[in-house]
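Take a look at the letters that make up each chain.
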Amino acid sequence: MPHHNTSNPLRDPRDRRLTRVAAPSSLVLFGVTGDLAKKKLLPAMYDLANRGLLPPSFSLVGFGRREWDDAQFAEYVKESIADNARTPFNEAMWEQFASGLRFVHGNFDDDAAYERLAETLTELDESRGTRGNHAFYLSIPPKAFDVVCQKLADHDLADSNGSEGWRRVVIEKPFGHDLESARELNAIVERVFPADSVFRIDHYLGKETVQNILALRFANQMFEPLWDARYVDHVQITMAEDIGIGSRAGYYDGVGAARDVIQNHLLQLLAFTAMEEPPAFSAHHLRREKAKVLESVILPEDLGAYSALGQYTAGLQGGAEVKGFHQEQDIPADSRTETYAALRLEINNRRWSGVPFYLRAGKRLGRRVTEIAVVFKKSPNLLFRSPDKDDFGQNAIVIRIQPDEGVTIRFGSKVPGTQSEIRDVTMDFGYGHAFTESSPEAYERLILDVLLGEPPLFPDHSEVELSWKILDPFEDYWAEHHIRPDAYAPGSWGPETADQLMARDGRVWRRP
Amino acid sequence: MIVQMENTTTSTIEKKLHSLRDENGVVTLGRVLTLVILARAGHSEMAIEAANFASHEHPCRIIVHVAHSANEATRLDAQLRMGGDAGASEVIILHGYGELAEPTETLISALLLPDAPIVAWWPHDFPDSPGDSSIGKIAHRRITDSARADDPFKSLQQLSQQYRPGDTDLAWTRITSWRIQLAAVFDQIGAVPVREVIVEGAERSPSVVLMGVWLANALGCEAKFITQTERPGMDRVTLVTDDGPIELHRPGNTVAVLKQPGQPDQQIAMPVRDLNVCLAEELRRLDPDEVYGDVITKAMVSAELEEAVEDAMDGEESQ
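Residues numbered from 1 in each chain as written. Chains lettered and ligands numbered in written order. Predicted model: local features only at pLDDT ≥ 70, side-chain atom pairs only at ≥ 80, totals over all residues. Heavy atoms only, no water.

A. Representation of the sheet that holds strand 7 (residues 141–144) of chain B in the model. All names here are of chain B. Across the sheet, eight strands lie side by side as 1-4-5-3-2-6-7-8; this open sheet has mixed pairing. The sheet is open, and its two edges are formed by strand 1 (2–5) and strand 8 (167–169), each paired on a single side. Averaged over neighbouring strand pairs, the angle between their axes works out to 15° when direction is ignored. Where strand 7 and strand 8 come together, three bridges link them in parallel fashion. Counted as the bridge partner of R142 is D167 from strand 8. Across the face of the sheet, helix 2 (residues 45–55) comes into contact with strand 2 (33–40), strand 3 (60–67), strand 4 (75–81), strand 5 (90–97) and strand 6 (118–121) while running at roughly 175° to strand 3. Sheet contacts for helix 9 (residues 275–282): strand 2, strand 6, strand 7 and strand 8; angle to strand 7, the most-contacted strand, approximately 160°. (Pairing = 2+ DSSP bridges. Helix = DSSP H or I, 4+ residues; strand = E, 2+ residues; numbered from the N terminus. Axes fitted to C-alpha atoms, helices over the stretch in contact; angles between N-to-C directions. Contact = heavy atoms within 4.5 Å.)

Here it is in structure tokens:
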């Protein structure tokens, strides 16, 4: 952890303009030529510089197989910034940023390369004053974690014992593909880095989003009293993408929507929706409350009836011809990997007993949307009984995560002029229409938090394990029974079996 | 969309806004505050641009009062900007002539958003006591800009004497990134005693004075100001310690250099922040900035600093 001096004469708790700046530091990026680095990470770092938020002397070391020198690496970084940064290009700023760029070429198992990396970091400490503060960002396939972590340890790079500064490691999801592999992966990383130096990044869950959910629930008086089994009928959590798997076949085949999205994002959203109010905003308190919810999750007895899998077919989606999953490049014709998954969970505690949580995630669905819909019970109404029952339904609070983050409240209102006709109307709040334009990209915030050493919203290993414990029984059931995903048309909202899952409980999926 | 209205009243304007919303479905949901800009004739456009920019972070209704000659016949003209011409906000520009050259609560009250905080901003000159003016009294925050007033130092002294909780000055906002970096230095080195602070910058810059006063007051030492006409804005801050000087210097507009005893020089990305960014920062919090309050009231007139401040304002180097 960074050294905080509580007796800093310039820090006044009332002076809230003074945000914290990370200590001088360098970041070593493994996987610089990957899509993520190119489209998100490198531009985010430049945007941080442009906003004056990067630590002093910030240096970026690329590590990769390309035979680049520093100048060629800088050229590559510049291109990625020009294409993807959201702040305008500023030559003077670029020159300052570029002066901290280094490239170390080598394979992940090449001892000589790690020697050169160590020398480079020492050189940065001396010439730029990065003071031994180094973060390692592993934007690489999990199978390479083992060798990279081991080599970092072998070359005394992972451990700050006996030397100045801190060492941190950043890993991206997936954190394993089941409980066992998650444990192995964790053992590899935590053998080398202390647990509190490991930052697991889930970029779909930017800090802003999580804080918005918590603020809605706990900074208001009018929602929380209704937030339990007495008033809530059920909860639907949806993450839909309108795109296919694209060029991710190598990663996606054998993983599928449930492991890719439900295990991490949707279960995290479930935890934030269902958890009790933490006494403080610290990592420890938040994790404890989330863990309590995840531990209270119970699975349906009939795993088959209460889950549904799908694969998108070829067809016309929104006016364009798209490939089916089996026609995607590098996907075997007999692949059983699902591109859509839905399942039903319950939370067995006093607040939520008897309230089903329906989770669904898929690709090539109707539109891109991530949302949490809390659907309330029907009001016991005699006064405004509608002859056509479908006309007015259940109240709902919908928390939209993306795009256009906001909250929609759905309630009944009288139709003007009629006797006592009721229609559902919606009241909509957006976090500002153009808000996202100037709000920081999730990655900027994440990188800054890593450099500052602020972990609160990163899941820790126990949460990862708890999530696998929820998903693994489903995955085992699907594998054991050789469940073949049902076909669904691109641009639809998933296979019919998913609708049957809801129909079995007398409910329907919302149209997001 | 831009709508011109001549010789009108605010209730007619309100009706027009209402009908525009009905006809065109211009969305005005989720407004978080009303920003009232009090401008002089011929000086409003830059302020509106900054407000439009800030509205992307803080969706708001912007009311701009442009004061024309008080000697003309009393008349109110208006221009409404909505949709693409108004950022994420809706802008109502009121041109007041004659008696309406003076902005008052009664003039604008029909246009204020219900139940939302009011922020008043004087982009150039401001009344003798912003907190006592008609608009200032109903505003939760009052933003002045002493650096762009006709006489910056006189304005700063005026603010010092008339301070009310909720006041803030953009000269203070402009030094936030400097203050952040200097505070970060002490996060690393701890409470090292500082003998003297030396602040260098432009002549007639209230930011230079506020910076010196804040530092000297917080560090319990003396302040010295070196000001020159050719320097732009803030230029250099030096903290003299027993081990040597700690110096933060921004020679250009983008990159600053931090020099510390026994350390390699550190480059810091610290771009000059324009009016847009400063206003957005100002709107981020609507409760009083107590630290600014302390600096502008107690610290600026404290016995230890009074002389140095006066000398700086006279344009001389203090000793």
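B. Spatial organisation of the domain arrangement of chain B. Residue and element names in this part refer to chain B. We note that the domain assignment places domain 1 (2–144) and domain 2 (176–314) within chain B. Between domain 1 and domain 2, the C-alpha centre-to-centre distance is 34 Å. Every contact between the two is made by 16 residues of domain 1 and, on the other side, 12 residues of domain 2. Of the roughly 1,300 Å² buried where domain 1 meets domain 2, counting both sides, 71% is carbon and sulfur surface. The largest share of the area that domain 1 buries against domain 2 comes from F53, H58 and R141, three residues that together contribute 39% of it. The tally of links from domain 1 across to domain 2 stands at one salt bridge. Across the salt bridge formed by R141 and E282, the nearest N and O atoms sit 2.8 Å from each other. The set of elements that each furnish at least two residues to the side of domain 1 that touches domain 2 consists of strand 2, helix 2, strand 6 and strand 7. Of the residues in the side of domain 1 that touches domain 2, the class split is 11 nonpolar, two polar and three charged. (Domains from an automatic or database assignment. Buried area = accessible area lost by both parts, 1.4 Å probe. Salt bridge = Lys/Arg side-chain N within 4 Å of Asp/Glu carboxyl O. Nonpolar A, V, L, I, M, F, W, Y, C, P; charged D, E, K, R; others polar.)

C. Structural view of unusual backbone geometry. Phi is positive for S57 of chain A, close to 60°, though the residue is something other than glycine. Locating S57 of chain A in the fold gives a position in the loop between helix 1 (35–50) and strand 2 (59–64). The backbone of D115 of chain B shows a phi angle near 65°, a positive value even though the residue is not glycine. Summarising the element assignment, D115 of chain B is placed in the loop between helix 3 (105–108) and strand 6.

D. View of the sheet that holds strand 9 (residues 194–202) of chain B. Within the open sheet, the six strands sit side by side as 10-9-11-12-13-14 (chain B). Their pairing is mixed. Strand pairing shows two members of the sheet lacking a second neighbour, strand 10 (222–228) and strand 14 (266–269) of chain B, which therefore form its edges. Ignoring which end each strand starts from, the neighbouring axes of this sheet average 15° apart. With seven bridges connecting them, strand 9 of chain B and strand 10 of chain B associate as parallel partners. For V197 of chain B, the partnering residue across the bridge sits in strand 10 of chain B and is A223 of chain B. Sheet strands touched by helix 3 (residues 91–98) of chain A: strand 13 (255–259) and strand 14 of chain B. Its angle to strand 14 of chain B, the strand with the most contacts, is close to 140°.

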